[in-house]
Amino acid sequence: MEGLKVSDAELVLYLHPSKSKNVSQAIFGELSSMLFKFNETFDGVLLAYSASTQKELAKILPGLNPYFGVRLQAQLLLFYPKPDMLLEGKVVKLAEQSIHIVVLGFSSATIIEEDIREEFSYKVKHGKEVYGSTVNKRHKIEIGTILRFVVKSFDEEILHISGSLLPNHTGSVSWLDKPAEEAHTESNTKKRREVEMQNDKVSEDSFADKHRVKKSKKKQHSRNGM
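Everything numeric in this text was worked out from a predicted model, so none of it was measured. (Residues numbered from 1 in each chain as written. Predicted model: local features only at pLDDT ≥ 70, side-chain atom pairs only at ≥ 80, totals over all residues. Heavy atoms only, no water.)

As for the side chain of Ser-133
- Topologically, Ser-133 is positioned in strand S10 (residues 128-133).
- At 3.1 Å, the side chain of Ser-133 forms a polar contact with the backbone nitrogen of Asn-136.
- Once residues lying within four places of it in the same chain are set aside, the contact partners of Ser-133 are Glu-119, Phe-120 and His-139. (Helix = DSSP H or I, 4+ residues; strand = E, 2+ residues; numbered from the N terminus. Polar contact = N/O pair within 3.5 Å; in protein donor to acceptor, adjacent residues only side chain to side chain. Contact = heavy atoms within 4.5 Å.)

Considering the sheet that holds strand S9 (residues 120-125)
- Sheet architecture is open: 3 strands sit in the order S9-S10-S11, paired in antiparallel fashion. A strand with exactly one partner marks an edge of an open sheet, and here the two such strands are S9 and strand S11 (140-141).
- Taken together, the 2 bridges between S10 and S11 define a ladder with antiparallel strand orientation. Bridged to Tyr-131 within S11 is Ile-141. (Pairing = 2+ DSSP bridges.)

Regarding the side chain of Ser-164
- Position of Ser-164 relative to the elements: it lies in strand S13 (residues 160-164).
- Classification of Ser-164 as buried rests on a relative accessible area of 7%.
- Within the structure, Ser-164 has its side chain in polar contact with the backbone nitrogen of Leu-166 (distance 3.1 Å).
- Sequence-distant contacts of Ser-164, defined by excluding residues within four places in its chain, comprise Ile-111, Asp-115, Phe-149, Val-150, Lys-152 and Thr-170. (Buried < 20%, exposed > 50% of the residue type's maximum accessible area, 1.4 Å probe, protein only.)

Concerning the nonpolar core
- Among the nonpolar cores identified, the biggest contains 23 residues, and Ile-99, Ile-101, Ile-111, Ile-141, Leu-147, Phe-149 and Ile-161 are the most heavily contacted of them.
- Elements with a minimum of two residues in this core: strand S3 (44-53), strand S6 (86-95), strand S7 (98-103), strand S8 (107-112) and strand S12 (146-155).
- Residue contributions to this core peak at 4 residues, all from S12.
- Those residues in contact with Ile-111 that lie beyond four places of it in its chain are Gln-97, Ser-98, Ile-99, Ile-101, Ile-116, Leu-147, Phe-149, Gly-163, Ser-164 and Leu-165.
- Residues Leu-46, Phe-68, Val-70 and Leu-76 belong to the second largest nonpolar core, which totals 15 residues. (Core = buried A, V, L, I, M, F, W, Y, C linked by side-chain atoms within 4.5 Å.)

Here we look at the layout of surface pockets
- There is about 240 Å³ of room inside the largest pocket.
- Forming the boundary of the largest pocket are 13 residues, of which Lys-123, Lys-125, Val-130, Gly-132 and Lys-140 lie nearest the centre.
- When residues of the lining of the largest pocket are traced back to their parent elements, those giving at least two are S9 and S10.
- Considering each element in turn, the lining of the largest pocket owes the most residues, 5 residues, to S10.
- Looking at the lining of the largest pocket, its residues break down into 1 nonpolar, 5 polar and 7 charged. (1 Å grid on protein atoms, 1.4 Å probe; cavity = no way out; pocket = protein on both sides within 12 Å on 5 of 7 lines; lining within 4 Å. Points joined across faces, edges and corners; volume = space filled by probe spheres on them. Nonpolar A, V, L, I, M, F, W, Y, C, P; charged D, E, K, R; others polar.)

Focus: the packing of aromatic side chains
- A full pass over the atoms with the stated rule returns 6 aromatic pairs.
- When the centroid spacing of 5.8 Å and the interplanar angle of 80° are considered together, the rings of Phe-79 and Phe-106 count as edge-to-face. With Phe-79 in strand S5 (residues 68-79) and Phe-106 in the loop between S7 and S8, this residue pair connects regions lying 27 residues apart in the sequence.
- Here Phe-79 falls in the buried class, since its relative accessible area comes to 0%.
- A relative accessible area of 24% means that Phe-106 is categorised as partly exposed.
- A ring pair is formed by Phe-79 and Phe-154, whose centres lie 6.3 Å apart and whose planes are at 75°; its orientation type is edge-to-face. With Phe-79 in strand S5 and Phe-154 in strand S12, this pair connects stretches of sequence that are 75 residues apart. Each of the two residues, Phe-79 as well as Phe-154, counts as buried.
- Aromatic ring contacts, followed pair by pair, group Phe-36, Phe-38, Phe-79, Phe-106 and Phe-154 into a single cluster.
- When the ring centre of Tyr-80 is taken as reference, the NZ or CZ atom of Lys-5 above it lies at 4.5 Å. (Phe/Tyr/Trp six-rings, centres within 6.5 Å; stacked < 30°, edge-to-face > 60°. Lys NZ or Arg CZ within 6 Å of the ring centre and 35° of its normal.)

Encoded structure:
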């Protein structure tokens, strides 16, 4: 899935003097407060981090509240959805005019009717809502389906994604990945059949050669008898 990146960063955290007794705990507390929020400096949503302090631990800042700055080397895992990226998420709700998805367990995504390609039609079967493809009956979108879609836009404040199912390479991941698997299986089956045909041909040729040898021996024996 696109939209994920690991970034190496040099950070400076400003800590209150009351936290000077346990700087490490204060550092991880500050970084943890940034999780699952969009950060303009990082240009993404912080999902995970690892950090270590440099040799010079702190520098006191002048002012009424003498905060101290701590320099860090950090490695950050960021979520940064951009337009036209391919994302995957779990379908949590279906409606006649929309599909609702959760991405990575925290970000919501919605695909509205105008962004759902025409081959998908909304139906309710046996009390279950489903978007079924009119092109391939096996291609279905149901609650719980892992859906691959294209990003249209991303609301950084509420972490909401507007998506699209218009491109042909979008839809149910399990169905989209099947053709490659089936093609691989079909290729293996074809090769196996070719080998079997070659073996059958070799057996037939061998049988024919043996038959010719027998006939030749019979003719030779018949001539000798004469």
